[in-house]
Amino acid sequence: MEKIKDVFIKELKNFSKGNWWVYIVLFICLWIVYITWKGNITEIIILFIANFLWNLFIMIMQDFYTAWKNKKWAINQLISVSIFTSLSIYGLISSGQYQYIIWQFMYILAAMKTFGFFIFEKDLKLLNENVFLVVNFILFFVFIRFIPHDNFHLLQALGFSMITSWLVSIKDKVRYWLNLFWIAALTAGSLWGVIVSYISASLDWIALWFFLLTWTVFVFYIKILPNYLKKVKVVAEVK
């Protein structure tokens, strides 16, 4: 049986092979900070590592999900949520960005649903995609109505809303296609934030690393697209 450590090493190698350019971007950023003294090298490295691990565990989680190794999927989902919650708290404290922390509540609930079902064999039926859609709609309304934000924050918030709504779905194809679409929206919103902060001469490092590494998750979803196209084809042939 494949251990999580072995899968982690495998995914790390696959990530490094397919996304080697991310490391180049990291070193370029560090070089710019070093010669200009605008920024904190330690902060940049810590944020990069945290985002890197979060995205890596998401890919491992999807691998286990696709292979129907549900207990390992649940464990990795919990790990990825823990890392991203820490990043979200940092984003709130350091720059007052609420779009990350607000939806951690939903990510945590989704992880509880998965962990409870596959580890403890308890189905928290209240935590389903319909309930999540309603709660996310309320959170999104509160966000746009009461919390100061830029336009790119809205696109990020919308992406978080939809992704967390479908994390609790047990419909594999629905889960994949909707997550693919909203990860694309989330990536676009983060890129928008990087551009806005760069123009204002105050680069948002959280948005930068979030964009780069969320982009790698989007590319990962594209790579496994043939698996879901086959599933659609098989279903069509059966019908």
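Residues numbered from 1 in each chain as written. Predicted model: local features only at pLDDT ≥ 70, side-chain atom pairs only at ≥ 80, totals over all residues. Heavy atoms only, no water.

## Some thoughts on the overall build of the protein
Right, on to step 1. Assigned secondary structure in the protein consists of 11 helices and 0 strands.
Right, on to step 2. N-terminal to C-terminal, the α/β element order of the protein is α-α-α-α-α-α-α-α-α-α-α.
Right, on to step 3. Relative to its full complement of 239 residues, the protein shows a buried share of 46%.
Right, on to step 4. Pairs at least 24 apart in sequence give 71% of the contacts found in the protein among residues at least 6 apart. (Helix = DSSP H or I, 4+ residues; strand = E, 2+ residues; numbered from the N terminus. Buried < 20%, exposed > 50% of the residue type's maximum accessible area, 1.4 Å probe, protein only. Contact = heavy atoms within 4.5 Å.)

## Considering the packing of aromatic side chains
Right, on to step 1. Per the stated rule, a full pass over the model turns up 11 aromatic pairs.
Right, on to step 2. Geometrically, the ring pair formed by tyrosine 23 and phenylalanine 52 is tilted, given 6.2 Å between the ring centres and 50° between the ring planes. With tyrosine 23 in helix α2 (residues 21–36) and phenylalanine 52 in helix α3 (residues 41–66), this residue pair connects regions lying 29 residues apart in the sequence.
Right, on to step 3. With relative accessibility at 23%, the residue tyrosine 23 sits in the partly exposed group.
Right, on to step 4. Here the aromatic rings of phenylalanine 84 and phenylalanine 160 are separated by 5.8 Å at their centres, their planes lie at 40°, and the arrangement is tilted. You can see phenylalanine 84 sitting in helix α4 (residues 70–95) and its partner phenylalanine 160 sitting in helix α8 (residues 151–167), a full 76 residues away along the chain. Accessibility classification places phenylalanine 84 together with phenylalanine 160 in one group, the buried group.
Right, on to step 5. An aromatic cluster is present here, built from Phe84, Tyr100, Tyr107 and Phe160 joined pairwise through their rings. (Phe/Tyr/Trp six-rings, centres within 6.5 Å; stacked < 30°, edge-to-face > 60°.)

## Quick word on a nonpolar patch on the surface
Right, on to step 1. On the surface, a cluster of nonpolar side chains totalling about 770 Å² of accessible area is made up of Trp20, Ile24, Ile28, Trp31, Ile32, Tyr34 and Ile35.
Right, on to step 2. Position of tryptophan 20 relative to the elements: it lies in the loop between α1 (4–18) and α2. (Patch = residues over 30% accessible without salt bridge, like charges linked within 9 Å, V, L, I, M, F, W, Y side chains within 5 Å. Areas by Shrake-Rupley, 256 points an atom, 1.4 Å probe, with all protein chains shown as cover. Salt bridge = Lys/Arg side-chain N within 4 Å of Asp/Glu carboxyl O.)

## Some details on helix α7 (residues 129–146)
Right, on to step 1. Taking 1.5 Å per residue as the helical rise, α7 with its 18 residues ought to reach 26 Å, and the 25 Å between its terminal C-alpha atoms agrees with that figure.
Right, on to step 2. By the burial criterion, the buried members of α7 are Glu129, Phe132, Asn136, Leu139 and Phe143. Angular distribution of buried residues about the axis of α7 spans 85°; they occupy a single face of the element. Pointing more than 90 degrees away from the buried face of α7 are the exposed residues Asn130, Val134, Phe137, Arg145 and Phe146. (Expected span 1.5 Å × (residues − 1). Arc of directions from axis to C-beta.)

## With respect to the side chain of threonine 187
Right, on to step 1. With respect to the element layout, threonine 187 can be found in helix α9 (residues 172–199).
Right, on to step 2. If we ignore the near neighbours within four places in the chain, the residues touching threonine 187 are Phe211, Thr214, Trp215 and Phe218.

## Topic: α4
Right, on to step 1. A rise of 1.5 Å per residue sets the reference length of α4, with its 26 residues, at 38 Å; its end C-alpha atoms lie 37 Å apart and thus fit the reference within 8%.
Right, on to step 2. Of the residues trailing α4, glycine 96 is marked for its positive phi of about 65°.

## Re the side chain of glutamine 156
Right, on to step 1. Mapped onto the elements, glutamine 156 comes out in helix α8.
Right, on to step 2. Glutamine 156 has contacts with Gln99, Tyr100, Leu186, Gly189, Ser190 and Phe210, leaving out every residue within four places of it along the chain.

## Examining the packing of α4 against helix α6 (residues 104–118)
Right, on to step 1. Remark: α4 packs on α6, axes separated minimally by 9 Å, with the N-to-C direction vectors making an angle of 160°. Judged on the interaxial angle alone, α6 and α4 are roughly antiparallel. Like other packed secondary-structure pairs, α4 and α6 cross with a definite hand, here left-handed. Contacts between α4 and α6 involve Asn70, Lys71, Trp73, Ala74, Ile75, Gln77, Leu78, Val81, Phe84, Thr85 and Ser88 on the former and, on the latter, Gln104, Tyr107, Ile108, Ala110, Ala111, Thr114, Phe115 and Phe118.
Right, on to step 2. Looking at the contact of α4 with α6 residue by residue, the classes come out as 12 nonpolar, 6 polar and 1 charged. (Axes fitted to C-alpha atoms, helices over the stretch in contact; angles between N-to-C directions. Parallel < 35°, antiparallel > 145°, perpendicular 65-115°, else oblique. Left-handed = near helix turned anticlockwise from the far one by under 90°. Nonpolar A, V, L, I, M, F, W, Y, C, P; charged D, E, K, R; others polar.)

## With respect to the environment of phenylalanine 218
Right, on to step 1. By the element assignment, phenylalanine 218 lies in helix α10 (residues 205–223).
Right, on to step 2. Classification of phenylalanine 218 by relative accessible area gives buried; the value is 18%.
Right, on to step 3. Those residues within four positions of phenylalanine 218 in sequence are excluded, and the remaining contacts are Leu180, Ile183, Ala184 and Thr187.

## Regarding the confidence of the model for the protein
The predicted coordinates should not be examined in detail at positions where pLDDT is low.
Right, on to step 1. Scored by pLDDT, the protein comes out at a mean of 78, with 89% of its residues at no less than 70.
Right, on to step 2. Per-residue pLDDT, averaged within each element of the protein, yields its smallest value for helix α11 (residues 225–238) (60) and its largest for α7 (87).
Right, on to step 3. Considering only residues more than four positions removed or in separate chains, one finds that residues 234–239, a stretch of pLDDT under 50, has 1 contact. (pLDDT = per-residue confidence, 0-100.)

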